[in-house]
Amino acid sequence: MTRLFNDPASFTEDMLAGFLDANARYVVGVPGGVVRATETPPGKVAVVVGGGSGHYPAFCGVVGPGFSDGAVVGNVFTSPTARQAASVARAAHGDSGVLLITGNYAGDVMNFGLAVTELANEGIDARFLTVTDDIASAPVDEAGKRRGIAGDFAVFRCASAAAEAGYSLDDVERVARTTNAATRTLGVAFDGCTMPGGEAPLFTVPASTMGLGLGTHGEPGIANHALPSAAELADLLVDGVLADAEKLPPAIESRRVAVILNGLGRTKYEELFVVWKTVADRLSAAGLTVVDPEIGELVTSLDMAGCSLTLTWLDDELEALWTSPADTPAYKRGSVTADPAAHRRTAVDAEAAVSEQITGDAESRIVAGHIVSGLGAVHRAVVEAEDELARIDAVAGDGDHGRGMVRGLTAAVEAARKAATAGAGAGRLVRDAGEAWAAQAGGTSGVLWGAALTSAGKRLGDNGTPTSQDIADAVAAGYTAMLDLGGAQLGDKTMLDAIGPFSDALTVAVDRCPDWRAAWRESAEIAAKSAAATADMVPKVGRARPLAERSVGTPDAGATSFALCVTTIVDLLAIH
(Lines give C-alpha, C1' and ligand atoms only; values in the text may rest on other atoms or scores of the structure.)
Protein backbone atom coordinates (compact mmCIF):
# COMPACT_ATOMS: atom_id res chain seq x y z
CA MET A 1 0.00 0.00 0.00
CA THR A 2 1.15 3.56 -0.76
CA ARG A 3 1.15 4.90 2.80
CA LEU A 4 3.13 8.13 2.72
CA PHE A 5 1.31 11.11 1.25
CA ASN A 6 -0.28 14.38 2.30
CA ASP A 7 -3.28 15.05 0.07
CA PRO A 8 -3.66 12.22 -2.48
CA ALA A 9 -4.75 14.81 -5.04
CA SER A 10 -1.37 16.58 -4.78
CA PHE A 11 0.80 13.46 -4.53
CA THR A 12 2.57 14.06 -7.85
CA GLU A 13 3.23 17.75 -7.14
CA ASP A 14 4.59 16.94 -3.66
CA MET A 15 6.76 14.14 -5.02
CA LEU A 16 8.16 16.34 -7.76
CA ALA A 17 9.00 19.16 -5.34
CA GLY A 18 10.98 16.76 -3.17
CA PHE A 19 12.73 15.21 -6.17
CA LEU A 20 13.79 18.60 -7.52
CA ASP A 21 15.21 19.71 -4.19
CA ALA A 22 17.13 16.48 -3.70
CA ASN A 23 18.56 16.49 -7.22
CA ALA A 24 19.23 20.17 -7.90
CA ARG A 25 22.68 19.26 -9.25
CA TYR A 26 21.02 17.39 -12.12
CA VAL A 27 17.66 18.98 -12.86
CA VAL A 28 15.50 22.07 -12.64
CA GLY A 29 11.73 22.24 -12.76
CA VAL A 30 9.74 23.66 -15.66
CA PRO A 31 5.97 23.66 -16.14
CA GLY A 32 5.05 20.04 -16.79
CA GLY A 33 8.20 18.33 -15.56
CA VAL A 34 11.99 18.62 -15.38
CA VAL A 35 14.95 19.37 -17.65
CA ARG A 36 18.69 19.08 -17.20
CA ALA A 37 20.25 21.68 -14.95
CA THR A 38 22.47 22.81 -17.82
CA GLU A 39 21.25 24.18 -21.13
CA THR A 40 21.25 21.97 -24.21
CA PRO A 41 24.44 22.87 -26.10
CA PRO A 42 24.42 23.96 -29.76
CA GLY A 43 24.21 21.08 -32.21
CA LYS A 44 22.74 18.59 -29.72
CA VAL A 45 19.37 16.92 -30.26
CA ALA A 46 17.17 17.00 -27.14
CA VAL A 47 15.54 13.73 -26.04
CA VAL A 48 12.46 14.14 -23.86
CA VAL A 49 10.82 11.14 -22.21
CA GLY A 50 7.69 11.01 -20.12
CA GLY A 51 4.44 9.53 -18.94
CA GLY A 52 2.45 9.18 -15.77
CA SER A 53 4.07 9.15 -12.34
CA GLY A 54 4.37 6.01 -10.24
CA HIS A 55 7.21 4.48 -12.31
CA TYR A 56 10.32 5.98 -10.70
CA PRO A 57 13.14 6.08 -11.68
CA ALA A 58 11.34 6.37 -15.00
CA PHE A 59 10.88 9.08 -16.03
CA CYS A 60 12.38 12.04 -14.18
CA GLY A 61 15.12 9.90 -12.60
CA VAL A 62 16.93 9.42 -15.91
CA VAL A 63 17.44 13.08 -16.82
CA GLY A 64 21.11 13.98 -16.98
CA PRO A 65 24.34 13.70 -19.00
CA GLY A 66 24.36 10.61 -21.21
CA PHE A 67 20.64 10.12 -20.82
CA SER A 68 17.55 12.24 -21.47
CA ASP A 69 17.37 16.03 -21.59
CA GLY A 70 13.96 16.30 -20.00
CA ALA A 71 11.04 14.34 -18.59
CA VAL A 72 7.35 15.18 -18.74
CA VAL A 73 5.69 14.25 -15.46
CA GLY A 74 1.99 13.33 -15.47
CA ASN A 75 -0.20 12.43 -12.55
CA VAL A 76 -0.03 8.88 -11.18
CA PHE A 77 -0.63 6.42 -14.03
CA THR A 78 -2.04 9.26 -16.14
CA SER A 79 -0.66 10.72 -19.34
CA PRO A 80 0.79 14.21 -19.09
CA THR A 81 -1.16 16.86 -20.95
CA ALA A 82 -0.24 18.27 -24.34
CA ARG A 83 0.57 21.57 -22.68
CA GLN A 84 2.97 19.86 -20.26
CA ALA A 85 4.70 17.88 -23.01
CA ALA A 86 5.14 20.95 -25.19
CA SER A 87 6.42 22.97 -22.23
CA VAL A 88 9.14 20.48 -21.28
CA ALA A 89 10.17 19.90 -24.89
CA ARG A 90 10.34 23.65 -25.51
CA ALA A 91 12.56 24.13 -22.46
CA ALA A 92 14.85 21.19 -23.34
CA HIS A 93 15.21 22.12 -27.00
CA GLY A 94 18.47 23.69 -28.10
CA ASP A 95 18.85 24.32 -31.81
CA SER A 96 18.80 20.83 -33.37
CA GLY A 97 15.35 19.43 -32.77
CA VAL A 98 13.73 17.27 -30.12
CA LEU A 99 12.59 13.64 -29.98
CA LEU A 100 9.79 12.81 -27.55
CA ILE A 101 9.41 9.16 -26.46
CA THR A 102 6.65 7.51 -24.41
CA GLY A 103 5.05 4.14 -23.95
CA ASN A 104 2.27 3.25 -26.37
CA TYR A 105 -0.84 4.40 -24.48
CA ALA A 106 -3.78 6.27 -25.97
CA GLY A 107 -3.48 9.29 -23.70
CA ASP A 108 0.26 9.63 -24.31
CA VAL A 109 -0.20 9.22 -28.06
CA MET A 110 -2.86 11.94 -28.22
CA ASN A 111 -1.21 14.42 -25.87
CA PHE A 112 2.35 14.07 -27.14
CA GLY A 113 1.07 14.11 -30.72
CA LEU A 114 -0.71 17.39 -30.06
CA ALA A 115 2.45 18.74 -28.43
CA VAL A 116 4.52 17.88 -31.50
CA THR A 117 2.05 19.75 -33.69
CA GLU A 118 2.23 22.77 -31.38
CA LEU A 119 6.03 22.72 -31.40
CA ALA A 120 6.13 22.38 -35.18
CA ASN A 121 3.91 25.45 -35.49
CA GLU A 122 6.55 27.31 -33.47
CA GLY A 123 9.32 26.23 -35.84
CA ILE A 124 10.77 23.48 -33.62
CA ASP A 125 11.58 20.23 -35.42
CA ALA A 126 9.87 17.78 -33.08
CA ARG A 127 9.39 14.02 -33.53
CA PHE A 128 7.44 11.48 -31.48
CA LEU A 129 8.00 7.75 -30.93
CA THR A 130 6.10 5.18 -28.86
CA VAL A 131 7.70 2.10 -27.31
CA THR A 132 5.93 -1.22 -28.02
CA ASP A 133 7.89 -3.93 -26.20
CA ASP A 134 5.17 -5.74 -24.18
CA ILE A 135 4.65 -9.09 -25.91
CA ALA A 136 1.63 -9.96 -23.74
CA SER A 137 -0.46 -7.00 -24.88
CA ALA A 138 -0.83 -7.92 -28.57
CA PRO A 139 0.29 -10.68 -30.95
CA VAL A 140 3.33 -10.36 -33.20
CA ASP A 141 1.25 -9.42 -36.24
CA GLU A 142 -0.21 -6.50 -34.25
CA ALA A 143 3.04 -5.37 -32.65
CA GLY A 144 2.15 -1.73 -33.23
CA LYS A 145 -0.63 -2.08 -30.66
CA ARG A 146 1.67 -3.33 -27.92
CA ARG A 147 2.20 -1.36 -24.72
CA GLY A 148 5.50 0.13 -23.67
CA ILE A 149 6.69 -1.21 -20.32
CA ALA A 150 10.25 -1.83 -19.05
CA GLY A 151 11.53 -1.76 -22.62
CA ASP A 152 10.98 1.98 -22.40
CA PHE A 153 14.29 2.14 -20.53
CA ALA A 154 16.30 0.49 -23.30
CA VAL A 155 14.84 2.74 -26.00
CA PHE A 156 15.29 5.87 -23.90
CA ARG A 157 18.86 4.87 -23.13
CA CYS A 158 20.06 4.19 -26.68
CA ALA A 159 18.29 7.18 -28.23
CA SER A 160 19.63 9.50 -25.53
CA ALA A 161 23.17 8.15 -25.93
CA ALA A 162 22.94 8.77 -29.67
CA ALA A 163 21.92 12.37 -29.04
CA GLU A 164 24.78 12.74 -26.56
CA ALA A 165 27.19 11.45 -29.21
CA GLY A 166 26.15 14.20 -31.60
CA TYR A 167 23.82 12.27 -33.91
CA SER A 168 21.40 14.26 -36.08
CA LEU A 169 17.69 14.23 -35.26
CA ASP A 170 17.06 11.81 -38.13
CA ASP A 171 19.65 9.40 -36.77
CA VAL A 172 18.51 9.71 -33.15
CA GLU A 173 15.01 8.81 -34.31
CA ARG A 174 16.42 5.92 -36.37
CA VAL A 175 18.25 4.56 -33.33
CA ALA A 176 15.11 4.81 -31.22
CA ARG A 177 13.06 2.91 -33.81
CA THR A 178 15.74 0.27 -34.26
CA THR A 179 16.03 -0.25 -30.50
CA ASN A 180 12.27 -0.51 -30.12
CA ALA A 181 12.02 -3.08 -32.91
CA ALA A 182 14.77 -5.15 -31.23
CA THR A 183 13.23 -5.09 -27.74
CA ARG A 184 10.87 -7.60 -26.11
CA THR A 185 9.46 -7.68 -22.55
CA LEU A 186 7.30 -10.08 -20.53
CA GLY A 187 6.21 -9.38 -16.96
CA VAL A 188 4.43 -11.03 -14.04
CA ALA A 189 2.67 -9.72 -10.93
CA PHE A 190 2.29 -11.33 -7.54
CA ASP A 191 0.09 -8.59 -6.09
CA GLY A 192 -1.46 -5.31 -7.25
CA CYS A 193 -0.45 -1.75 -6.46
CA THR A 194 -2.44 0.81 -4.49
CA MET A 195 -2.99 4.41 -5.54
CA PRO A 196 -2.12 7.13 -2.97
CA GLY A 197 -5.15 7.39 -0.69
CA GLY A 198 -6.60 4.14 -1.99
CA GLU A 199 -7.82 1.56 0.49
CA ALA A 200 -7.46 -1.43 -1.83
CA PRO A 201 -5.12 -2.44 -4.65
CA LEU A 202 -6.15 -1.82 -8.25
CA PHE A 203 -6.25 -5.59 -8.72
CA THR A 204 -5.56 -8.68 -6.68
CA VAL A 205 -3.95 -11.99 -7.51
CA PRO A 206 -5.39 -15.17 -5.96
CA ALA A 207 -3.27 -16.77 -3.27
CA SER A 208 -0.40 -18.96 -4.50
CA THR A 209 -0.72 -17.63 -8.06
CA MET A 210 0.76 -14.89 -10.21
CA GLY A 211 -0.61 -12.80 -13.06
CA LEU A 212 1.20 -13.15 -16.38
CA GLY A 213 1.43 -10.17 -18.76
CA LEU A 214 0.68 -7.30 -16.42
CA GLY A 215 0.81 -3.62 -17.38
CA THR A 216 2.81 -0.98 -15.54
CA HIS A 217 -0.21 1.21 -14.77
CA GLY A 218 -1.82 -1.30 -12.46
CA GLU A 219 -3.47 -3.24 -15.27
CA PRO A 220 -3.79 -6.87 -14.15
CA GLY A 221 -2.22 -9.75 -16.03
CA ILE A 222 -3.87 -11.58 -18.90
CA ALA A 223 -3.78 -14.99 -17.18
CA ASN A 224 -3.13 -16.50 -13.76
CA HIS A 225 -0.46 -19.16 -13.20
CA ALA A 226 0.46 -21.19 -10.14
CA LEU A 227 3.18 -19.39 -8.21
CA PRO A 228 6.48 -20.91 -9.43
CA SER A 229 9.92 -21.19 -7.94
CA ALA A 230 12.45 -18.55 -8.98
CA ALA A 231 13.97 -20.95 -11.51
CA GLU A 232 10.58 -21.84 -12.97
CA LEU A 233 9.73 -18.15 -13.29
CA ALA A 234 13.03 -17.51 -15.07
CA ASP A 235 12.23 -20.33 -17.51
CA LEU A 236 8.76 -18.90 -18.19
CA LEU A 237 10.08 -15.39 -18.86
CA VAL A 238 13.01 -16.49 -21.03
CA ASP A 239 10.89 -18.91 -23.04
CA GLY A 240 8.23 -16.28 -23.66
CA VAL A 241 10.62 -13.56 -24.78
CA LEU A 242 12.74 -15.82 -26.97
CA ALA A 243 9.71 -17.32 -28.69
CA ASP A 244 8.38 -13.89 -29.59
CA ALA A 245 11.78 -12.66 -30.72
CA GLU A 246 11.98 -15.22 -33.52
CA LYS A 247 10.52 -12.52 -35.79
CA LEU A 248 13.16 -9.89 -35.13
CA PRO A 249 13.83 -7.35 -37.90
CA PRO A 250 16.35 -8.61 -40.48
CA ALA A 251 18.72 -5.80 -39.50
CA ILE A 252 19.14 -7.33 -36.02
CA GLU A 253 20.96 -10.65 -36.41
CA SER A 254 23.22 -10.36 -33.40
CA ARG A 255 23.57 -12.92 -30.61
CA ARG A 256 24.39 -10.15 -28.12
CA VAL A 257 21.63 -8.81 -25.90
CA ALA A 258 21.11 -6.06 -23.37
CA VAL A 259 19.00 -7.50 -20.56
CA ILE A 260 16.86 -5.83 -17.90
CA LEU A 261 15.40 -7.85 -15.02
CA ASN A 262 13.12 -5.20 -13.63
CA GLY A 263 11.49 -5.05 -10.21
CA LEU A 264 8.09 -3.41 -10.11
CA GLY A 265 8.34 -1.84 -6.66
CA ARG A 266 7.91 -4.57 -4.06
CA THR A 267 10.04 -7.38 -5.45
CA LYS A 268 13.45 -6.51 -4.16
CA TYR A 269 16.99 -6.95 -5.36
CA GLU A 270 17.83 -10.18 -3.51
CA GLU A 271 14.83 -11.92 -5.08
CA LEU A 272 15.73 -10.58 -8.50
CA PHE A 273 19.29 -11.92 -8.18
CA VAL A 274 17.92 -15.39 -7.42
CA VAL A 275 15.83 -15.21 -10.61
CA TRP A 276 18.78 -13.80 -12.55
CA LYS A 277 20.92 -16.86 -11.76
CA THR A 278 18.67 -19.02 -13.92
CA VAL A 279 17.98 -16.30 -16.50
CA ALA A 280 21.70 -15.94 -17.13
CA ASP A 281 22.16 -19.71 -17.49
CA ARG A 282 19.23 -20.00 -19.90
CA LEU A 283 20.40 -17.13 -22.09
CA SER A 284 23.91 -18.59 -22.26
CA ALA A 285 22.49 -21.99 -23.21
CA ALA A 286 20.54 -20.28 -26.00
CA GLY A 287 23.81 -18.96 -27.43
CA LEU A 288 23.26 -15.36 -26.36
CA THR A 289 25.94 -13.10 -24.89
CA VAL A 290 24.63 -10.74 -22.23
CA VAL A 291 26.05 -7.19 -22.40
CA ASP A 292 26.04 -5.15 -19.16
CA PRO A 293 22.78 -6.47 -17.67
CA GLU A 294 20.63 -4.32 -15.40
CA ILE A 295 18.99 -6.03 -12.42
CA GLY A 296 16.93 -3.71 -10.26
CA GLU A 297 14.07 -1.23 -10.20
CA LEU A 298 14.07 0.83 -13.40
CA VAL A 299 10.40 1.06 -14.45
CA THR A 300 8.25 0.49 -11.37
CA SER A 301 4.53 0.53 -10.67
CA LEU A 302 4.22 2.14 -7.25
CA ASP A 303 4.18 -0.79 -4.79
CA MET A 304 3.33 -3.60 -7.20
CA ALA A 305 4.87 -6.97 -6.41
CA GLY A 306 6.26 -8.44 -9.61
CA CYS A 307 9.02 -8.31 -12.16
CA SER A 308 9.66 -8.32 -15.89
CA LEU A 309 12.35 -9.51 -18.26
CA THR A 310 13.46 -7.33 -21.18
CA LEU A 311 15.84 -8.32 -23.95
CA THR A 312 17.22 -5.93 -26.59
CA TRP A 313 19.21 -7.49 -29.41
CA LEU A 314 22.31 -5.38 -30.06
CA ASP A 315 24.22 -4.64 -33.23
CA ASP A 316 27.59 -2.87 -32.95
CA GLU A 317 26.00 0.57 -32.90
CA LEU A 318 23.40 -0.23 -30.25
CA GLU A 319 25.96 -1.99 -28.07
CA ALA A 320 28.17 1.10 -28.05
CA LEU A 321 25.22 3.28 -27.13
CA TRP A 322 23.92 0.89 -24.45
CA THR A 323 27.33 0.79 -22.72
CA SER A 324 28.15 4.51 -23.00
CA PRO A 325 28.60 6.67 -19.87
CA ALA A 326 25.62 8.27 -18.12
CA ASP A 327 25.14 10.25 -14.92
CA THR A 328 21.57 10.89 -13.71
CA PRO A 329 19.82 10.96 -10.33
CA ALA A 330 18.89 7.27 -10.56
CA TYR A 331 21.20 5.76 -13.18
CA LYS A 332 24.97 5.96 -13.45
CA ARG A 333 27.39 4.15 -15.74
CA GLY A 334 31.03 4.89 -16.41
CA SER A 335 32.50 8.35 -16.01
CA VAL A 336 30.92 11.48 -17.46
CA THR A 337 33.12 14.55 -17.77
CA ALA A 338 31.28 17.76 -17.04
CA ASP A 339 31.42 20.47 -19.69
CA PRO A 340 32.98 23.53 -18.00
CA ALA A 341 31.38 25.81 -20.60
CA ALA A 342 27.85 24.54 -19.94
CA HIS A 343 25.39 27.23 -18.85
CA ARG A 344 23.23 26.44 -15.86
CA ARG A 345 19.50 26.94 -16.22
CA THR A 346 17.22 28.68 -13.77
CA ALA A 347 13.95 27.12 -12.64
CA VAL A 348 10.83 28.27 -14.45
CA ASP A 349 7.78 28.62 -12.26
CA ALA A 350 5.20 29.58 -14.84
CA GLU A 351 4.77 30.16 -18.53
CA ALA A 352 4.07 33.65 -19.78
CA ALA A 353 0.40 34.45 -19.62
CA VAL A 354 -1.34 35.30 -22.86
CA SER A 355 -3.53 38.36 -22.62
CA GLU A 356 -6.78 38.07 -24.52
CA GLN A 357 -9.83 40.30 -24.30
CA ILE A 358 -12.90 38.54 -22.93
CA THR A 359 -16.24 39.70 -24.25
CA GLY A 360 -19.77 38.42 -24.20
CA ASP A 361 -23.10 40.18 -24.58
CA ALA A 362 -25.55 40.39 -21.69
CA GLU A 363 -27.68 37.41 -22.75
CA SER A 364 -24.66 35.16 -23.29
CA ARG A 365 -23.21 36.14 -19.90
CA ILE A 366 -26.44 34.99 -18.25
CA VAL A 367 -26.13 31.66 -20.03
CA ALA A 368 -22.50 31.47 -18.92
CA GLY A 369 -23.65 31.77 -15.31
CA HIS A 370 -26.00 28.81 -15.75
CA ILE A 371 -23.18 26.77 -17.27
CA VAL A 372 -21.01 27.48 -14.23
CA SER A 373 -23.79 26.13 -12.02
CA GLY A 374 -24.10 23.06 -14.21
CA LEU A 375 -20.37 22.35 -14.13
CA GLY A 376 -20.38 22.73 -10.35
CA ALA A 377 -23.20 20.21 -10.00
CA VAL A 378 -21.44 17.75 -12.31
CA HIS A 379 -18.23 18.18 -10.34
CA ARG A 380 -19.98 17.32 -7.08
CA ALA A 381 -21.60 14.25 -8.60
CA VAL A 382 -18.32 12.95 -10.00
CA VAL A 383 -16.52 13.52 -6.69
CA GLU A 384 -19.14 11.33 -5.01
CA ALA A 385 -18.73 8.68 -7.71
CA GLU A 386 -14.92 8.77 -7.86
CA ASP A 387 -14.33 5.48 -6.04
CA GLU A 388 -16.93 3.62 -8.08
CA LEU A 389 -15.51 4.96 -11.34
CA ALA A 390 -12.06 3.82 -10.20
CA ARG A 391 -13.41 0.36 -9.37
CA ILE A 392 -15.01 0.00 -12.80
CA ASP A 393 -11.87 1.21 -14.55
CA ALA A 394 -9.63 -1.17 -12.57
CA VAL A 395 -11.45 -4.29 -13.79
CA ALA A 396 -9.44 -4.26 -17.01
CA GLY A 397 -7.59 -0.93 -16.87
CA ASP A 398 -5.50 1.08 -14.45
CA GLY A 399 -8.16 2.48 -12.13
CA ASP A 400 -7.35 6.16 -12.66
CA HIS A 401 -10.54 7.29 -14.40
CA GLY A 402 -12.32 8.60 -11.32
CA ARG A 403 -9.35 10.63 -10.16
CA GLY A 404 -8.77 11.97 -13.68
CA MET A 405 -12.40 13.10 -13.98
CA VAL A 406 -12.24 14.85 -10.62
CA ARG A 407 -9.02 16.65 -11.55
CA GLY A 408 -10.40 17.68 -14.92
CA LEU A 409 -13.69 18.95 -13.56
CA THR A 410 -12.00 20.77 -10.69
CA ALA A 411 -9.86 22.68 -13.19
CA ALA A 412 -12.82 23.24 -15.52
CA VAL A 413 -15.02 24.69 -12.78
CA GLU A 414 -12.25 27.00 -11.60
CA ALA A 415 -11.59 28.23 -15.14
CA ALA A 416 -15.30 28.69 -15.80
CA ARG A 417 -15.76 30.79 -12.68
CA LYS A 418 -12.81 33.00 -13.61
CA ALA A 419 -14.18 33.45 -17.11
CA ALA A 420 -17.63 34.33 -15.80
CA THR A 421 -16.17 36.87 -13.40
CA ALA A 422 -14.25 38.42 -16.31
CA GLY A 423 -17.47 38.80 -18.30
CA ALA A 424 -17.10 35.91 -20.72
CA GLY A 425 -19.98 34.72 -22.82
CA ALA A 426 -21.12 31.11 -22.95
CA GLY A 427 -18.81 30.03 -25.75
CA ARG A 428 -15.65 31.51 -24.30
CA LEU A 429 -16.46 30.12 -20.87
CA VAL A 430 -16.93 26.60 -22.22
CA ARG A 431 -13.71 26.86 -24.23
CA ASP A 432 -11.77 27.99 -21.16
CA ALA A 433 -13.25 25.12 -19.16
CA GLY A 434 -12.23 22.64 -21.84
CA GLU A 435 -8.69 23.94 -22.10
CA ALA A 436 -8.29 23.81 -18.32
CA TRP A 437 -9.70 20.27 -18.22
CA ALA A 438 -7.23 19.07 -20.84
CA ALA A 439 -4.32 20.92 -19.21
CA GLN A 440 -4.88 19.55 -15.71
CA ALA A 441 -6.46 16.12 -16.10
CA GLY A 442 -4.11 14.49 -18.57
CA GLY A 443 -4.82 10.97 -19.75
CA THR A 444 -7.09 9.91 -22.57
CA SER A 445 -10.33 11.21 -21.12
CA GLY A 446 -8.75 14.54 -20.22
CA VAL A 447 -7.63 15.39 -23.73
CA LEU A 448 -10.91 14.11 -25.21
CA TRP A 449 -13.12 16.10 -22.83
CA GLY A 450 -10.94 19.15 -23.43
CA ALA A 451 -11.27 18.84 -27.20
CA ALA A 452 -15.02 18.27 -26.95
CA LEU A 453 -15.69 21.30 -24.75
CA THR A 454 -13.42 23.51 -26.84
CA SER A 455 -15.28 22.56 -30.02
CA ALA A 456 -18.66 22.92 -28.33
CA GLY A 457 -17.72 26.37 -27.03
CA LYS A 458 -16.73 27.54 -30.49
CA ARG A 459 -20.14 26.47 -31.79
CA LEU A 460 -22.06 28.20 -28.98
CA GLY A 461 -20.50 31.62 -29.49
CA ASP A 462 -20.69 34.60 -27.14
CA ASN A 463 -23.76 36.45 -28.37
CA GLY A 464 -27.38 35.87 -27.46
CA THR A 465 -29.13 32.89 -25.91
CA PRO A 466 -28.39 29.62 -27.74
CA THR A 467 -31.36 27.96 -29.39
CA SER A 468 -32.18 24.30 -28.91
CA GLN A 469 -30.59 23.63 -32.27
CA ASP A 470 -27.46 25.54 -31.22
CA ILE A 471 -27.14 23.31 -28.15
CA ALA A 472 -27.60 20.12 -30.17
CA ASP A 473 -25.07 21.34 -32.72
CA ALA A 474 -22.57 22.18 -29.97
CA VAL A 475 -22.88 18.67 -28.52
CA ALA A 476 -22.45 17.20 -32.00
CA ALA A 477 -19.34 19.34 -32.54
CA GLY A 478 -17.87 18.03 -29.30
CA TYR A 479 -18.64 14.44 -30.28
CA THR A 480 -17.02 14.93 -33.69
CA ALA A 481 -13.90 16.36 -32.04
CA MET A 482 -13.62 13.23 -29.89
CA LEU A 483 -14.00 10.98 -32.92
CA ASP A 484 -11.37 12.86 -34.88
CA LEU A 485 -8.85 12.99 -32.07
CA GLY A 486 -9.26 9.63 -30.37
CA GLY A 487 -9.41 7.28 -33.32
CA ALA A 488 -12.00 5.04 -31.62
CA GLN A 489 -15.39 4.21 -33.10
CA LEU A 490 -18.81 3.26 -31.82
CA GLY A 491 -18.70 -0.29 -30.54
CA ASP A 492 -15.09 -0.12 -29.31
CA LYS A 493 -16.31 0.10 -25.68
CA THR A 494 -15.29 3.65 -24.91
CA MET A 495 -17.04 6.81 -23.77
CA LEU A 496 -18.09 7.30 -27.39
CA ASP A 497 -20.66 4.54 -26.93
CA ALA A 498 -22.60 6.82 -24.61
CA ILE A 499 -21.76 10.18 -26.20
CA GLY A 500 -22.69 9.13 -29.73
CA PRO A 501 -26.20 7.91 -28.87
CA PHE A 502 -26.74 10.97 -26.68
CA SER A 503 -25.70 13.38 -29.44
CA ASP A 504 -27.78 11.60 -32.07
CA ALA A 505 -30.82 11.50 -29.82
CA LEU A 506 -30.48 15.18 -28.92
CA THR A 507 -30.26 16.16 -32.59
CA VAL A 508 -33.46 14.23 -33.35
CA ALA A 509 -35.29 15.42 -30.26
CA VAL A 510 -34.76 19.16 -30.82
CA ASP A 511 -36.33 18.82 -34.27
CA ARG A 512 -39.67 17.98 -32.68
CA CYS A 513 -39.33 19.62 -29.28
CA PRO A 514 -39.08 23.43 -28.92
CA ASP A 515 -37.60 23.18 -25.41
CA TRP A 516 -34.04 21.85 -25.29
CA ARG A 517 -34.55 20.87 -21.66
CA ALA A 518 -37.12 18.23 -22.54
CA ALA A 519 -34.92 17.00 -25.37
CA TRP A 520 -31.96 16.79 -22.99
CA ARG A 521 -33.95 14.73 -20.47
CA GLU A 522 -34.99 12.28 -23.15
CA SER A 523 -31.47 12.01 -24.54
CA ALA A 524 -29.88 11.60 -21.11
CA GLU A 525 -31.97 8.47 -20.55
CA ILE A 526 -30.58 7.07 -23.79
CA ALA A 527 -27.03 7.94 -22.68
CA ALA A 528 -27.54 6.09 -19.39
CA LYS A 529 -28.92 3.01 -21.15
CA SER A 530 -26.12 3.10 -23.72
CA ALA A 531 -23.49 3.34 -20.99
CA ALA A 532 -24.99 0.36 -19.18
CA ALA A 533 -25.05 -1.59 -22.45
CA THR A 534 -21.27 -1.29 -22.78
CA ALA A 535 -21.05 -4.03 -20.14
CA ASP A 536 -21.77 -6.53 -22.90
CA MET A 537 -19.08 -5.16 -25.20
CA VAL A 538 -15.50 -6.26 -25.70
CA PRO A 539 -12.95 -3.38 -25.72
CA LYS A 540 -11.04 -2.98 -28.97
CA VAL A 541 -8.78 -0.04 -28.08
CA GLY A 542 -7.05 1.42 -25.03
CA ARG A 543 -5.59 -0.15 -21.90
CA ALA A 544 -8.55 -2.53 -21.43
CA ARG A 545 -8.00 -4.22 -24.81
CA PRO A 546 -5.39 -6.78 -23.62
CA LEU A 547 -7.89 -7.90 -20.95
CA ALA A 548 -10.90 -7.77 -23.23
CA GLU A 549 -12.75 -10.81 -21.92
CA ARG A 550 -12.26 -9.78 -18.30
CA SER A 551 -14.06 -6.51 -18.96
CA VAL A 552 -17.22 -8.22 -20.23
CA GLY A 553 -19.91 -7.73 -17.61
CA THR A 554 -18.55 -4.36 -16.47
CA PRO A 555 -19.56 -1.11 -18.23
CA ASP A 556 -16.94 1.23 -19.62
CA ALA A 557 -15.81 3.80 -17.07
CA GLY A 558 -15.73 6.67 -19.57
CA ALA A 559 -19.23 5.93 -20.85
CA THR A 560 -20.46 5.65 -17.27
CA SER A 561 -18.98 8.99 -16.23
CA PHE A 562 -20.42 10.72 -19.31
CA ALA A 563 -23.88 9.37 -18.53
CA LEU A 564 -23.49 10.60 -14.96
CA CYS A 565 -22.61 14.08 -16.22
CA VAL A 566 -25.61 14.48 -18.52
CA THR A 567 -28.08 12.97 -16.05
CA THR A 568 -26.79 15.35 -13.36
CA ILE A 569 -27.78 18.22 -15.65
CA VAL A 570 -31.27 16.69 -15.79
CA ASP A 571 -31.46 16.78 -12.01
CA LEU A 572 -30.34 20.41 -12.06
CA LEU A 573 -33.03 21.28 -14.62
CA ALA A 574 -35.64 19.79 -12.29
CA ILE A 575 -34.58 22.23 -9.57
CA HIS A 576 -34.84 25.20 -11.92
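Residues numbered from 1 in each chain as written. Predicted model: local features only at pLDDT ≥ 70, side-chain atom pairs only at ≥ 80, totals over all residues. Heavy atoms only, no water.

Within an unreviewed UniProt entry, the label attached to the protein reads Glycerone kinase, and the organism entered is Gordonia bronchialis.

Student: How should I be thinking about the domain arrangement of the protein in this particular structure?
Tutor: A common measure of how large an interface is: the accessible area buried when the components associate. Domain annotation of the protein identifies domain 1 (8-195 + 205-333) and domain 2 (362-574). Between the C-alpha centres of domain 1 and domain 2 the distance comes to 33 Å. Listed as interface residues are 28 residues of domain 1 and, on the opposing side, 24 residues of domain 2. Taken together, the two surfaces of domain 1 and domain 2 that pack against each other cover about 2200 Å², and 53% of this comes from carbon and sulfur. When the area that domain 1 buries against domain 2 is broken down by residue, the three leading residues are Met 110, Met 195 and Pro 220, summing to 23%. The salt bridge involving Arg 407 is made with Glu 13; its shortest N-O contact spans 3.1 Å. At the boundary of domain 1 and domain 2, one finds three residue pairs in polar contact (both at pLDDT 80 or more). The element contributing the most residues to the side of domain 1 that touches domain 2 is helix α3 (residues 106-121), with five residues. Looking at the side of domain 1 that touches domain 2 residue by residue, the classes come out as 13 nonpolar, ten polar and five charged. (Domains from an automatic or database assignment. Contact = heavy atoms within 4.5 Å. Buried area = accessible area lost by both parts, 1.4 Å probe. Salt bridge = Lys/Arg side-chain N within 4 Å of Asp/Glu carboxyl O. Polar contact = N/O pair within 3.5 Å; in protein donor to acceptor, adjacent residues only side chain to side chain. Helix = DSSP H or I, 4+ residues; strand = E, 2+ residues; numbered from the N terminus. Nonpolar A, V, L, I, M, F, W, Y, C, P; charged D, E, K, R; others polar.)

Student: Looking at this structure, how should I read the state of the cysteines?
Tutor: Cysteine pairs can be linked by a disulfide, which is a covalent bond between their two sulfur atoms. Within the structure shown, the criterion is met by zero disulfides. We note that Cys 193 lacks a disulfide partner, and the nearest cysteine sulfur, in Cys 307, lies 15 Å from it. Take Cys 193: its relative accessible area is 0%, and that puts it in the buried class. (Disulfide = S-S within 2.5 Å. Buried < 20%, exposed > 50% of the residue type's maximum accessible area, 1.4 Å probe, protein only.)

Student: Would you explain empty space enclosed by the protein in this entry?
Tutor: A full pass over the atoms with the stated rule returns three cavities of 30 Å³ or more. Considered as a void within the structure, the largest cavity measures approximately 90 Å³ in volume. If you go around the largest cavity, you meet 13 residues; those closest to its centre are Thr 12, Asn 75, Val 76, Arg 403 and Arg 407. Only α1 (11-22), β4 (70-76) and α10 (401-421) provide two or more residues apiece to the lining of the largest cavity. Among the elements that take part in the lining of the largest cavity, α10 stands out by supplying three residues, more than any other. (1 Å grid on protein atoms, 1.4 Å probe; cavity = no way out; pocket = protein on both sides within 12 Å on 5 of 7 lines; lining within 4 Å. Points joined across faces, edges and corners; volume = space filled by probe spheres on them.)

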